[in-house]
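Each chain, written out:
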Protein chains: 4
Amino acid sequence: MSEGEALNIDSIMAMFAGSPFIAALEMEVTELDAAAGRIRLRMPMTAFSERAKGTNQFHGGALASLVDVAGDFAVALAVGGAVPTIDLRVDYLRPAFGPHVDAEATARRVGRTVGIADVDVLGADGKLVTIGRGCYSAKVG
Amino acid sequence: MSEGEALNIDSIMAMFAGSPFIAALEMEVTELDAAAGRIRLRMPMTAFSERAKGTNQFHGGALASLVDVAGDFAVALAVGGAVPTIDLRVDYLRPAFGPHVDAEATARRVGRTVGIADVDVLGADGKLVTIGRGCYSAKVG
Amino acid sequence: MSEGEALNIDSIMAMFAGSPFIAALEMEVTELDAAAGRIRLRMPMTAFSERAKGTNQFHGGALASLVDVAGDFAVALAVGGAVPTIDLRVDYLRPAFGPHVDAEATARRVGRTVGIADVDVLGADGKLVTIGRGCYSAKVG
Amino acid sequence: MSEGEALNIDSIMAMFAGSPFIAALEMEVTELDAAAGRIRLRMPMTAFSERAKGTNQFHGGALASLVDVAGDFAVALAVGGAVPTIDLRVDYLRPAFGPHVDAEATARRVGRTVGIADVDVLGADGKLVTIGRGCYSAKVG
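A quick note: this is a predicted structure, and the numbers were derived from the prediction, not measured.

A.B. asks: Can you break down a positive patch on the surface residue by residue, with the values?
C.D. replies: Taken together, the side chains of Arg112 and Lys139 of chain A together with Arg112 and Lys139 of chain D make up a positively charged region of the molecular surface. Considering the arrangement of structural elements, one finds Lys139 of chain A in the segment after β6 (128-137). Residue Lys139 of chain A is classed as exposed on the basis of its relative accessible area, which comes to 53%.

A.B. asks: Run through the pattern of salt bridges, naming residues and quoting values.
C.D. replies: Going through the model one piece at a time under the given rule, you end up with 40 salt bridges over all chains. Of the charged contacts in the structure, one is a salt bridge between Arg42 of chain C and Asp102 of chain C, with a shortest N-O distance of 2.8 Å. On the criterion of sequence distance, the pair formed by Arg42 of chain C in strand β2 (residues 38-44) and Asp102 of chain C in strand β4 (residues 100-110) is long-range, its members being 60 residues apart. Look at Arg42 of chain C and you get partly exposed, because its relative accessible area is 32%. When salt bridges with common partners are traced through the structure, they connect Asp87 and Arg89 of chain A, Asp91 of chain B, Asp91 of chain C together with Asp87 and Arg89 of chain D into a single cluster.

A.B. asks: Any chance you could break down the relation of the copies chain B and chain A for me, citing the residues and the numbers?
C.D. replies: After a rotation of 180° and a shift along the axis of 0.0 Å, chain B superposes on chain A with an RMSD of 0.0 Å. The superposition operator between the copies reduces to a two-fold rotation axis. The position closest to the rotation axis in chain B is occupied by the C-alpha of Arg89 of chain B, lying 2.2 Å away. In this assembly, 100% of the residues forming the interface of chain B have copies in chain A that are likewise at the interface, indicating an isologous arrangement.

A.B. asks: Which residues make up the interface of chain B and chain A, and what values do they have?
C.D. replies: The accessible area lost on association of the parts is a frequent measure of interface size. Facing 31 residues of chain B, the contacting portion of chain A comprises 31 residues. Of the roughly 2,300 Å² buried between chain B and chain A, counting both surfaces, carbon and sulfur atoms make up 59%. Three residues stand out in chain B for area buried against chain A, namely Pro20, Phe21 and Phe48 of chain B, and they jointly supply 26% of the buried area on that side. Our count for the contact surface shared by chain B and chain A stands at zero salt bridges. For the pair chain B and chain A, the number of links is 16 residue pairs in polar contact (both at pLDDT 80 or more). Among the elements of the structure, α2 (20-24), α3 (60-79) and β3 (85-92) of chain B are those that each provide at least two residues to the side of chain B that touches chain A. Take the side of chain B that touches chain A: its biggest share by element is eight residues, from β3 of chain B. By residue class, the composition of the side of chain B that touches chain A is 16 nonpolar, eight polar and seven charged. As paired elements, strand β3 (residues 85-92) of chain A and β3 of chain B share five bridges and run antiparallel to each other.

How each quantity is defined
Residues numbered from 1 in each chain as written. Chains lettered and ligands numbered in written order. Predicted model: local features only at pLDDT ≥ 70, side-chain atom pairs only at ≥ 80, totals over all residues. Heavy atoms only, no water. Patch = residues over 30% accessible without salt bridge, like charges linked within 9 Å, V, L, I, M, F, W, Y side chains within 5 Å. Areas by Shrake-Rupley, 256 points an atom, 1.4 Å probe, with all protein chains shown as cover. Salt bridge = Lys/Arg side-chain N within 4 Å of Asp/Glu carboxyl O. Lys, Arg positive; Asp, Glu negative; His and termini not counted. Charge placed at Lys NZ, Arg CZ, Asp CG, Glu CD. Helix = DSSP H or I, 4+ residues; strand = E, 2+ residues; numbered from the N terminus. Buried < 20%, exposed > 50% of the residue type's maximum accessible area, 1.4 Å probe, protein only. Least-squares fit on C-alpha atoms with pLDDT ≥ 70 in both. Contact = heavy atoms within 4.5 Å. Buried area = accessible area lost by both parts, 1.4 Å probe. Polar contact = N/O pair within 3.5 Å; in protein donor to acceptor, adjacent residues only side chain to side chain. Nonpolar A, V, L, I, M, F, W, Y, C, P; charged D, E, K, R; others polar. Pairing = 2+ DSSP bridges.

In structure tokens form, the structure reads like this:
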């Protein structure tokens, strides 16, 4: 994809397919509003996302990964491609159970140097389980 | 393991084996100094840790996961078992290439309520690639 | 104030008056919704809040202080009194000019151990200038 | 000061004098190692740094301000002047009592876009009271 071309669900899903890590976690884009800088991802519980066998709880690292990717693509909507993460912050509010979680990411500001996104992660019952915030380069990396 | 019993490399590796997520990332404890609150983990590049096919670079989510686990067990050394993560912060300083990265985690303070750990992640060439800091519950969870 | 008694604008302003630091920054509670865990503070530009003489811009430390206090009292609404800060994160999106800024703080979750609050800081023109997030003890300290 | 000219204790103290906020908190540079990216600041307890009258404890906002300034000038040593703060994280480990605290800041990495600094804040008894980490623009602002 050339920079400047608008991202959409299909083009982002193609990038996800090219990332072994994102593909293994089976993240999927379910909604996207480029003008608002908003994207929604779903991540299912898979054979290796569990924090401990039989808990049906996501490992915190899987949730941090979802926050990173969701925030990245919220900023990407403004700059036209995936961006390097500068820093990432994740707060774990409640245990996150399967069968899936949804991440709602919103770009709060995209300037010339960096972009900041907020991410709320909801459990399958709609309850907030994790919140995250990421600072990304505003240049496609 | 009962609370209070000292953790060691073998008992932590047994916990890692019981975590599908940690096992999939093939994290391994390589050094441990319980009295100093220090632990060192190695994470190899595997088929699914790559951020994009052919880059030989770790995905930021894999690095965040390593930071989370390393910091958790630095605090665990003081409290006798794995602890819930309250929040996690990760700064990405340089691209992290395979064949592996090493995380050196140190507990900075473990109080009655929370424990704080710092994590430096080094590339195979010994250069600092990522730094993290986590706040954990000080009670085995 | 005994724990459990509901906080209101007057009781919080009395606590502010007892804090030399908050009083010096002239923070004021302008709105409060205890049921929603929301509080709004205003901080005027004063003789010593400026980052450099003649800029009419708040120093980042003054904004971090506002975020800390606003988030603290958003959690305090649920627990009945001011709480110790465990950690604080502040993102600076745009320069913050006088004559004042407003902080809108919302508790995202208050559990048995910790409470988490989000804080948006708006300039006098209503633009978002700074965002913050704090983790606090859930026990009055 | 023109960019590129080396910063030293005197030139930084002159900048501090030009900042009403830093001057009010009476921060002072006590050590500086430009080659190592290290700077040490002292902040005394003053009439308005107290979190509550008679506690002799620094307000968390004063400590966050010290972390911000110390980290900023650790990065500044590499780029030749004070830099805009992008984001700031502060962890409060223990209450910080007067008569003063010392902040030891070290640049962990200064790249083309951003610089990252770590800050340890020690009480007058030498105990670690607060730790911070800041991300700054790598361009003088």
